[in-house]
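# Architecture and fold: a report
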Amino acid sequence: MKEKIKIALAQISCKREDKAENLTKIEKTVIKAKKQSADLVIFPELSLTGYVVRDQIYELAETIPGPSTKVIEDISRKTKAHIIFGMPELSEKTQATIYNTAVLVGPEGFIGKYRKMYLPTHSVFEEKRYFRPGYQAAVFDTVLGKVGLIICYDIFFPEVSRLTRLKGAQLMVCISASPATRRAFFETLTVARAMENTAFLAYVNLVGIEDGLQFWGGSRIVGPNGKVLVQAKYDDEDLVMCDVDYADIRSVETFVPTLKDLRPELFDELKKQAENL
Amino acid sequence: MELAPSVLNLDWQEVETKIKRFIKDYVEKSGAKGIVVSLSGGLDSSTVAALSALAIGGDKVLGLILPEKETRNEKDIEHAKLVAEKFGLKSQVCDITPTLEAFYKTIPIFDPAEKVCKGNAKARTRIVYVYYYANKLNLIVCGSSDKSETMIGYFTKWGDVAADIYPIMDLYKTQVRKLAQHIGIPKEIETKPSTPALWPGQLAEKELGIKYEQLDLILYGLEHFMKPKEIAEQLGIEKELVDKIKHRWLSAEHKRRIFLTPKLEYRTIGADFRLPRSYY
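Residues numbered from 1 in each chain as written. Chains lettered and ligands numbered in written order. Predicted model: local features only at pLDDT ≥ 70, side-chain atom pairs only at ≥ 80, totals over all residues.

When helices and strands are tallied, chain B shows 13 helices and 4 strands. For chain B, the C-alpha radius of gyration of 19 Å lies close to 19 Å, the compact-globule estimate for 280 residues. Reported as C-alpha extents along the three principal axes, the dimensions of chain B are approximately 50 × 50 × 50 Å. Taking all 280 residues of chain B together, the buried fraction comes to 36%. (Helix = DSSP H or I, 4+ residues; strand = E, 2+ residues; numbered from the N terminus. Rg over C-alpha atoms; globule rule 2.2 N^0.38 Å. Buried ≥ 20, exposed ≤ 12 C-beta atoms within 10 Å, placed from the backbone.)

As structure tokens, then:
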């Protein structure tokens, strides 16, 4: 396993409902990032289809593996880069049950996927109408270290990233489609999740306007001490890189020992209270 | 929540940037050649015309000045031209009086004293002109409705509100004034009393019986789920006034949501077809 990796944050805008064009953009971006020696290239939430596709989601969703993941696997194989992207995933067992999923592939093929657990359904968001929530936190042991995946609104719930950390994640990846009015939340929460878990956090947000909804970008990598190591532009497409050295976790974890000081007995009480809210 | 005027403060530079990006993105994706705005010389339409010009260039924006005999106001026409000149947009004047007069003549039940029906006909006639230009020149129609008037239904259904996009519909009137100030709309336009110009002497605040400064705070409170009693107490006004505004807001939803049909089939227009607004 590599201790030091180079991560590329591919902050793109998507052409809504046009998977072919988005796959082409993903391929071009991965090639560009690879030329700058990126080991891992991360794309936003639902970057295969765009975010505001509403009922069209039923026509766009695909199984995993499926035609689009196959294309991404080919790109990964060809470029030798790992890729994380988002797509609507059609359940293999049903005909119209869809998940909002993050997919991780590497040069050897498909590595794993994470189904978004917290689906915002308020204000401009209508995810519960379309998606079934996932039920499991996801961490994958890769040559690029232990990578945990979360998606957008999951970051508001510390237990999701905490779970990935407890399962060993060194790098927590949050892919996102966050509109401009939510910027302050994400700028705070990305730092908080990295600090409280003493792990790296890579946040990749969408840009562009979909059905009047403006996505703000601002993708970033936060170190285990909460320091923002790199940040992409607001509102425009961007590709930024950052070297991450997992050895940096140790010194932070030693003197900010949030994992050592965890109190599991509180979780029972937390569960009880949450059930009676 | 404290209902002080400061709750309506926004970062006006950020608002300007967001609106310009919204306009530019929509025009580009639609493949249209530009924008047409019905330019009355009032605050809202001047602001929208100026923002359009700032977003895509004045040479791609057409301000249509559409006066008619009964409400014609040379000052408004002068203001409309002033905005066009300052922001470098094209303008054209079409006097809609002959159209209206011909229209009135063909209606057996026409009643010249019925000012609301006549006023709404004027607003709808203006939009016929605007869409003629839009079709002929491949332009997007930019609406000038603001949040205050749209919330309380102070507009003509299928009339002045008809447009393809609404750049300032999420801003209350007093916020539009601040934005206008920020982007350099001439002071005399920014501060003049608002009028829908449906009949002579019509002034919005007089007709509504409330100043926009107060109306906007009431609407802001309602938007944030505050109870009328709480709003009234904070603003030091009668609860009945807040109730009246709330009633206007809720009873005008039929003007904001179009296409109501009984549900008969699998997917119904207006009820459960949920599609992105545009397909490209």
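Along its length, chain A carries 8 helices and 14 strands. Taken over the C-alpha trace, chain A has a radius of gyration of 18 Å; the compact-globule value for 277 residues is 19 Å, and the two agree within 12%. Burial status across chain A gives 50% buried among its 277 residues. The contacts of chain A with a sequence gap of at least 6 include a subset with a gap of at least 24, amounting to 69%. (Contact = placed C-beta atoms within 7 Å.)

This paragraph deals with unusual backbone geometry. All names here are of chain A. Cis rather than trans, the peptide bond between isoleucine 64 and proline 65 has omega equal to 0 degrees. With respect to the element layout, proline 65 can be found in the loop between α2 (57-60) and α3 (67-79). One non-glycine residue with positive phi stands out, namely lysine 80, at about 65 degrees. A tally of 11 C-beta atoms within 10 Å means that lysine 80 is categorised as exposed.

Here we come to the interface of chain A and chain B. Facing the 11 residues of chain A at the interface are 9 residues of chain B. Split into classes, the residues belonging to the side of chain A that touches chain B amount to 4 nonpolar, 3 polar and 4 charged. (Nonpolar A, V, L, I, M, F, W, Y, C, P; charged D, E, K, R; others polar.)

Moving on, we come to the nonpolar core. Core analysis: the biggest nonpolar cluster contains 83 residues, and Ile42, Ile84 and Ala202 of chain A have the highest contact counts within it. Per element, the largest residue contribution to this core is 6 residues, and it comes from strand β4 (residues 98-106) of chain A. Once residues within four sequence positions are removed from consideration, alanine 202 of chain A is found in contact with Ile7, Leu9, Ile42, Leu171, Val173 and Ile221 of chain A. Ile19, Val83, Ala84 and Ala123 of chain B belong to the second largest nonpolar core, which has 62 residues in total. (Core = buried A, V, L, I, M, F, W, Y, C linked by C-beta atoms within 7 Å.)

Residues and elements named next belong to chain B. Strands sit in the order β3-β2-β1-β4 across an open sheet of 4 strands; the sheet is parallel. Each edge of the open sheet carries a strand with a single partner, namely β3 (90-93) and β4 (139-141). Recorded for the sheet is a direction-independent mean angle of 25 degrees between the axes of neighbouring strands. In this structure, strand β1 (residues 34-38) lies alongside β4, joined through 3 bridges in parallel fashion. Bridge pairing in β4 places isoleucine 35 opposite isoleucine 140. Against the sheet, helix α3 (residues 74-87) touches β2 (61-65) and β3, its axis set at about 175 degrees to β2. (Pairing = 2+ DSSP bridges. Axes fitted to C-alpha atoms, helices over the stretch in contact; angles between N-to-C directions.)

Further remarks concern the pairing of strand β7 (residues 145-151) of chain A. Residue and element names in this part refer to chain A. Summarising burial for β7: 6 of the 7 residues are buried, a large majority. Of the pairings in the sheet, the one linking strand β6 (residues 138-142) to β7 comprises 5 bridges and is antiparallel in character. Paired with valine 139 across the strands is glycine 148, a residue of β7. The loop that links β6 with its antiparallel partner β7 comprises 2 residues. Bridge count for β7 against strand β8 (residues 171-176) is 5 bridges, and the pairing is parallel. Within the sheet, the bridge partner assigned to isoleucine 151 lies in β8 and is isoleucine 175.

Attention shifts here to the packing of helix α1 (residues 12-30) of chain B against helix α7 (residues 173-183) of chain B. A packed helix pair is summarised by two numbers, namely the angle formed by the two axes and the spacing between the axes. Residue and element names in this part refer to chain B. Two numbers describe how α1 lies on α7: the axes approach to 10 Å, and their chain directions differ by 90 degrees. Comparing their axes, α7 and α1 come out roughly perpendicular. In contact with Trp12, Val15 and Glu16 of α1, α7 contributes Lys178, Leu179, His182 and Ile183. Across the contact of α1 with α7, the residue classes tally to 4 nonpolar, 1 polar and 2 charged. (Parallel < 35°, antiparallel > 145°, perpendicular 65-115°, else oblique.)

This next bit is on the environment of tyrosine 131 of chain B. Residues and elements named next belong to chain B. By the secondary structure assignment, tyrosine 131 is in helix α5 (residues 115-137). On the basis of neighbour counts, which here come to 16 C-beta atoms within 10 Å, the residue tyrosine 131 falls in the partly exposed class. Each C-alpha atom of the pair tyrosine 131 and lysine 81 lies 21 Å from the other, and the pair is 50 residues apart in sequence.

This paragraph deals with the sheet that holds strand β3 (residues 82-90) of chain A. All names here are of chain A. Taken together, the 6 strands give an open sheet; going across it, the order is β5-β4-β3-β2-β1-β14, and neighbouring strands pair in mixed fashion. The open sheet has two edge strands, β5 (109-115) and β14 (238-245), and neither has a second partner. Neighbour to neighbour, the strand axes of the sheet diverge by 30 degrees on average, direction disregarded. Pairing of strand β2 (residues 40-42) with β3, which is carried by 3 bridges, proceeds in the parallel orientation. Bridging across to β3, isoleucine 42 finds its partner in isoleucine 84.

This brings us to the pairing of β1 of chain B. All names here are of chain B. The buried fraction of β1 amounts to 5 of the 5 residues, a majority that puts the element mostly inside the structure. Both faces of β1 are covered, namely the face carrying Gly34, Val36 and Ser38 and the face carrying Ile35 and Val37. Regarding the hand of the β-α-β motif, the stretch spanning β1, helix α2 (residues 43-56) and β2 is right-handed. (Right-handed = clockwise from strand over helix to strand, strands pointing away.)

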